[in-house]
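One-letter residues, chain by chain:
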Amino acid sequence: MPRAVGAAALALATCIGALCAVPTAAAAAPPPGGEATVASPPSTSEPYLVLRGAGKGVLLSDRNTRGSLSWWSADGRQVPVECGVLAWLGDEVACDGTTELKIRDHATGATESVPRRENRAWAAAFSPTQVLAHEKDADGRYVLHLLGRANEPRKDVPVTGAGALGSYAVLASDARGALVEYWGASPEGKHRHGLLDYATATLKELPEVPGGDATYNHVGLGSKWIAMVSSNEAVMVSRTDPAVVRTVAIGAYPERVLTVGDWLIADTGDRDDPVVTAHPIDGGAPRPVLDRLDGQLVLGADGGAYGLSTVKGSTRWAVHRISADAQGALRVQEALAVPARPADRRTIAIAQGDLSALHVDNTEFVLGYRTSVTGPPSITEAPAWRCERSTSDPLCPEAAGRFGGNAATGDGRIVGMSADPAGCSTPCSVTVHIRDARNGGSQRAVKLPGALRNPRIVSSSGRYLLVGAETDGVPRQLVLDIDAGKVSDVKPAPAAGLWGSLLWQPEGDKGVVAATDLRTGQVVRRVDLGSACRPYELQANGDWFYSTCAADGTGAAAYHVPTRQRIPLPFVAERPLGQLRLGDGYVVQDNAGLTIYNLRSGQAVKEYQVQQYVAGYGLDWSVDRFGGRPAHLDQGETIHVVGVTGATSPLAVIDQNVPGTLDAKKAGSRQARWWLSKPVSSWKLMARNKASGIATVVRSGGEARGAIDLVWDGKDQAGRTVMSGAYEWTLLAVPADGHGAPLKATGSVTLTGTGFQAGRGRP
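Every value quoted in this text rests on a predicted model; they were computed, and no experiment measured them. (Residues numbered from 1 in each chain as written. Predicted model: local features only at pLDDT ≥ 70, side-chain atom pairs only at ≥ 80, totals over all residues. Heavy atoms only, no water.)

### A word on the environment of Gly441
Part 1: Mapped onto the secondary structure, Gly441 falls in the loop between strand 37 (429–436) and strand 38 (443–447).
Part 2: According to the relative accessible area criterion, Gly441 is buried, its value standing at 8%.
Part 3: For Gly441, the residues in contact, after removing those within four places along its chain, are Arg435 and Asp436. (Helix = DSSP H or I, 4+ residues; strand = E, 2+ residues; numbered from the N terminus. Buried < 20%, exposed > 50% of the residue type's maximum accessible area, 1.4 Å probe, protein only. Contact = heavy atoms within 4.5 Å.)

Here it is in structure tokens:
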């Protein structure tokens, strides 16, 4: 469902069932930290528009907001109709006021008011000279009247021909008359269709369905003929002489019909064969006229049939006009170009400046974008990578799916989940999907153990994924090692925070949290959050923590380890878990919109607010935990990456996988990886032989986001073989954002298999 629907829901609460104007929110001030945007690619699906009428321009309403009628001209003008719309005719729109009916011609700008008359109520039809209305007699039956406009001397003319009606509805109308469905006033009153002729003020009964025991399902009004359909054939009735009747076999039950000249236009298509066809009334083979039709066929003021559609050989949507020339031949022309709507974006995730978004159009596809990691926010307009659901890549969207949330790991991968049965309303089997975020990236799946309920991705960091779920009614935290493809731990605690290789959990009920190193299973660090309570919700991000004290969100606060500052947040985080996210020195709160609180000064400062409906974290907003920025979608599917003022945390290694012994002859032992807390602009790995003291540059590189990953084959950067022996390695890296000191991390490794050792010379 488009997010514009939710944004307009409150505004439309009093407009259900009628077309009305929807207020537009005032533009917000730009974020102090800057902002970058990228629009969604144009969709090939139907626009979110409904064609209502056609004259010199066309009347279109917004499908999402069930209103917002506007008049569109061929020269690009769009004039909103800001009133309670009753009916339209060509370019004219009639609006129901308290004391009068206001009619505006949007092509000329002329306006007119028709006074409301006592005991008369407006009906949904009017002509250039009259307005249809009704009164109720003493028995509650409807009596139709035609009320004269300014240029009509007859100001109130009763409609004759059918007498009083039990009920009625106007199905279609043009400048000459209206097609009316009505029921007789008596208890056994029959169901009829009639043509109201404005010139004579007469409602003429139209033929019944052959056999008389059914009703017409679809009717269509044209300038020469009226089409009445009960199954797979149409009864065609002449407008000038209802005694002249033709029958046209359609071949399939139509959803919509209209007549143009001596042709019946019928939409009998479906998703597999959506073509709209034209059938000659006097017999002959049908011919295709429109490829795909969205919504109804509309009778234009010129007698043509108009439809919001595509034509054969094109995926471009436009308002097309079907007309008959002087010889009766059909013509199909584009009457108004309609801008393509943006493709629906269903989820977003961002980490280390790399952003992915799931799109849904005629298929599902994921696009990846690169945002800047230094200076003001910027984002590439062209996607850096793409995958699309296809027979060769059927699982492309799953790693960015909506079920249970999705996340970016911060090392160039995205993760999502799927369930069997879908939706997981009962205990289900859950599969985690991991995809390399690049063109042609590999994808793998890991099945979680047991039957789970309410699974959701809590957090991800590098090779570890934290999933919350219920097993046998008990809340659990499952830690998944996505490199190893297995669940490495299951914790009963409902609160946990993941950062790198550390899993943070409450310890006791006095505000202390303890970090377990997932590589060893040992507790390696403790932090007192200063809350004096056991955290109910817990998030960890380097030296920053966020916690609450209870399910109602009380005690919401951030904690900064280097300064030992506990920063109370100026709200009660009473939304469901996960509706507040901790970034590097800021939090983003989802509460009828998004609010960014900057924590970097030691206080919670409301820095920026997005006043729009949001569906949830991972759906239309996300936070780059790795020294990055928050991102969100707006109602037009545009991605916004919002800068946050102040300095980020220092660069650090948050996880590493470096073998203690590296055999240059064995490929499986030569892999080394360091996961980083934020992007770097350059890096260098040095190795110093402990025996000789000789230092060697093993490898170096430029920008790296999330991880430094290399294979050491026992050679230096110049390709020279390095002596076997014990080494101290040193990783040097420069933070890309310029905040904090360069990184220096060290460790030990023994190199074997190069063929010679220190002191023995080269072979």
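### What to know about the nonpolar core
Proteins that are soluble and globular tend to have nonpolar side chains buried together.
Part 1: Judged by nonpolar contacts, the single largest core of 28 residues is most densely connected at Val366, Trp504, Val527 and Phe545.
Part 2: If you list the elements that add at least two residues to this core, you get strand 31 (344–351), strand 34 (385–388), strand 44 (502–506), strand 45 (512–517) and strand 47 (537–541).
Part 3: If you look at the next biggest cluster of nonpolar residues, it comprises 25 residues, including Leu676, Ala704, Val722 and Met723. (Core = buried A, V, L, I, M, F, W, Y, C linked by side-chain atoms within 4.5 Å.)

### Re the sheet that holds strand 37
Part 1: Spatially, 35-36-37-38 is the arrangement adopted by the four strands of the open sheet, whose pairing is antiparallel. Taken across any chain shown, the strands that pair with only one partner, and hence form the sheet edges, are strand 35 (406–408) and strand 38. On average, adjacent strands in this sheet sit at an angle of 20 degrees to one another, irrespective of strand direction.
Part 2: When strand 37 meets strand 38, the two strands line up antiparallel, connected through five bridges. Bridge pairing in strand 38 places Thr431 opposite Lys447. (Pairing = 2+ DSSP bridges. Axes fitted to C-alpha atoms, helices over the stretch in contact; angles between N-to-C directions.)

### Notes on the layout of surface pockets
Part 1: Looking at the second largest pocket, its volume works out to about 970 Å³.
Part 2: Counting residues per element, the ones that place at least two in the lining of the second largest pocket are strand 2 (49–54), strand 6 (85–89), strand 14 (165–173), strand 18 (218–221), strand 22 (256–260) and strand 27 (298–299).
Part 3: Classifying every residue of the lining of the second largest pocket gives 20 nonpolar, 11 polar and 10 charged. (1 Å grid on protein atoms, 1.4 Å probe; cavity = no way out; pocket = protein on both sides within 12 Å on 5 of 7 lines; lining within 4 Å. Points joined across faces, edges and corners; volume = space filled by probe spheres on them. Nonpolar A, V, L, I, M, F, W, Y, C, P; charged D, E, K, R; others polar.)

### Thoughts on empty space enclosed by the protein
Part 1: Applying the stated criterion across every chain, the model contains three cavities of 30 Å³ or more.
Part 2: Volume-wise, the largest cavity comes out at about 80 Å³.
Part 3: In terms of lining residues, the largest cavity is bounded by Val658, Leu662, Ala672, Trp674, Leu685, Ala687, Val698, Leu710, Trp712, Trp729 and Val749.
Part 4: Sorting the residues of the lining of the largest cavity by element identifies strand 60 (671–676) and strand 61 (680–689) as the ones contributing at least two each.
Part 5: Classifying every residue of the lining of the largest cavity gives 11 nonpolar, no polar and no charged.

### Some words on unusual backbone geometry
Part 1: A cis geometry characterises the amide bond from Asp420 onward to Pro421, with omega recorded as 5 degrees.
Part 2: Here Pro421 lies in the loop between strand 36 (413–420) and strand 37.
Part 3: Phi angles above zero are rare outside glycine, and Asn454 is one such case at about 50 degrees.
Part 4: You can see Asn454 is positioned in strand 39 (residues 453–461).
Part 5: Among the residues examined, Asn454 registers a relative accessible area of 48% and is labelled partly exposed.
Part 6: For Ala532, which is not glycine, the phi torsion reads 60 degrees and is therefore positive.
Part 7: Tracing the chain through its elements places Ala532 in the loop between strand 46 (522–528) and strand 47.

### Description of the sheet that holds strand 55 (residues 621–623)
Part 1: Pairing in this open sheet of four strands is antiparallel, and the strands run 1-57-56-55 from one edge to the other. Here the strands that pair on one side only, and so sit at the sheet edges, are strand 1 (35–38) and strand 55. When the angles between neighbouring strand axes are averaged without regard to direction, this sheet yields 15 degrees.
Part 2: By the bridge criterion, three bridges tie strand 56 (residues 630–633) to strand 57 (residues 639–642) in an arrangement that is antiparallel. The residue of strand 57 that forms the bridge with Leu633 is Ile639.

### Section: the pairing of strand 6
Consecutive residues of a regular strand have side chains that alternate between opposite faces of the sheet.
Part 1: Both strand 6 and strand 7 (residues 92–96) contribute to a ladder of four bridges, which runs antiparallel. Looking at strand 7, one finds that Ala87 is bridged to Ala94.
Part 2: Linking two consecutive strands that pair antiparallel, namely strand 6 and strand 7, is a turn of two residues; a positive phi of about 60 degrees is found at Gly90 within it.

### Observations concerning the pattern of salt bridges
Close approach of charged atoms lets side chains of opposite charge pair.
Part 1: Evaluation of the coordinates by the stated rule reveals 43 salt bridges.
Part 2: Among the ionic pairs, Arg141 bridges to Asp137, the shortest N-O distance being 2.8 Å.
Part 3: Among the ionic pairs, Arg370 bridges to Glu703, the shortest N-O distance being 3.6 Å. Taken as a pair, Arg370 in strand 33 (residues 364–370) and Glu703 in the loop between strand 62 (695–701) and strand 63 (707–711) lie far apart in primary sequence, 333 residues in all.
Part 4: The class of Arg370 is partly exposed, set by a relative accessible area of 33%.
Part 5: Note on Glu703: relative accessible area 44%, which makes it partly exposed. (Salt bridge = Lys/Arg side-chain N within 4 Å of Asp/Glu carboxyl O.)

### Details of the environment of Gln671
Part 1: One can find Gln671 in strand 60.
Part 2: Residue classification places Gln671 among the partly exposed positions, given a relative accessible area of 39%.
Part 3: Taking the C-alpha atoms as reference, Gln671 lies 8.2 Å from Asn657; in sequence the two are 14 residues apart.
Part 4: The residues touching Gln671, leaving out its near neighbours within four places in the chain, are Asn657, Pro659, Asp709, Leu710 and Val711.
Part 5: Separated by 2.4 Å, the side chains of Gln671 and Asp709 make a polar contact. (Polar contact = N/O pair within 3.5 Å; in protein donor to acceptor, adjacent residues only side chain to side chain.)

### Here's the deal with the confidence of the model for the protein chain
Part 1: Overall, the prediction assigns the protein chain a mean pLDDT of 90, with 93% of residues at 70 or greater.
Part 2: Averaged pLDDT values for the elements of the protein chain fall to 48 in helix 1 (residues 3–9) and rise to 98 in strand 57.
Part 3: Here residues 5–27 scores under 50 on pLDDT; set against residues more than four positions off or in separate chains, the count is 30 contacts.
Part 4: Confidence drops under pLDDT 50 across residues 759–763; counting only partners more than four residues distant or on other chains, this segment forms five contacts. (pLDDT = per-residue confidence, 0-100.)

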